[in-house]
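Chain and residue survey
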Amino acid sequence: MEIAYRIYPLPNGTVYTEEDVKTLDDVVEIFDYCQIMEAMISKNGWDHLIEKFGIEGLYEADKKSGWFDSGSIEMFICDIEYEKKHAYDDAGDHQAITDFCESTHFPGI
């Protein structure tokens with residue numbers, strides 16, 4: 001199952017599967033890439049991460065990453081629900097993800 005997709009390295013990017021996400025440090029890495037708009041977590045990926053690490057574990061990973069910078073676990077849950085609502089479904093739709101991520105970067109950065 002595809003957990004997340006990162007647009008780099010070009011041209012094909014990186015697909016993260018269950019095999020790539022075994023520890024909370026792996027989650028922190030993905031959160032870091034999401035924070036700088038280089039990666040997105042799929043809907044199924046969110047379900048997997050919640051099942052594997054629990055909300056509390058993901059909250060701890062987020063505190064290390066600073067992606068959501070939620071002030072409380074309740075706010076973190078709201079942030080995840082929002083992110084999951086806008087997450088991608090189709091694991092093969094990497095071009096749309098790449099287009100979206102690239103459109104958020106300023107030229108020359």
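The shown structure was predicted, so the numbers you read here are calculated from the model rather than taken from an experiment.

Some points on the sheet that holds strand 3 (residues 39-41)
Judged by pairing direction, the sheet is antiparallel, and its 3 strands sit side by side in the order 2-1-3 without closing on themselves. Sheet topology places strand 2 (14-17) and strand 3 at the edges, where each strand pairs with a single neighbour. Here the average twist between neighbouring strands, direction ignored, is 20 degrees. By the bridge criterion, 4 bridges tie strand 1 (residues 2-6) to strand 2 in an arrangement that is antiparallel. Across the sheet, the residue bridging to Ala-4 is Tyr-16, located in strand 2. Across the sheet, helix 1 (residues 24-35) touches strand 1, strand 2 and strand 3, and the angle it forms with strand 3 is around 120 degrees.

Criteria and cut-off values
Along each chain, residues carry numbers from 1 onward, in the same order as the chain's sequence is written. Local features in this predicted model are restricted to residues of pLDDT 70 or higher, and side-chain atom pairs are both shown and tallied only at a pLDDT of 80 or more, whereas totals for entire chains, interfaces and linings draw on every residue. Hydrogens and waters are ignored; side-chain quantities use all the structure's heavy atoms. At least two bridges found by DSSP between two strands are what make those strands a pair. Strands are runs of DSSP state E lasting at least 2 residues, helices are runs of H or I lasting at least 4, and numbering of each runs from the N terminus. To define axes, lines are fitted to C-alpha atoms, for helices over the stretch in contact only, and angles between the resulting N-to-C directions are given on a 0 to 180 degree scale. The contact rule is simple, with two residues in contact once any of their heavy atoms fall within 4.5 Å.

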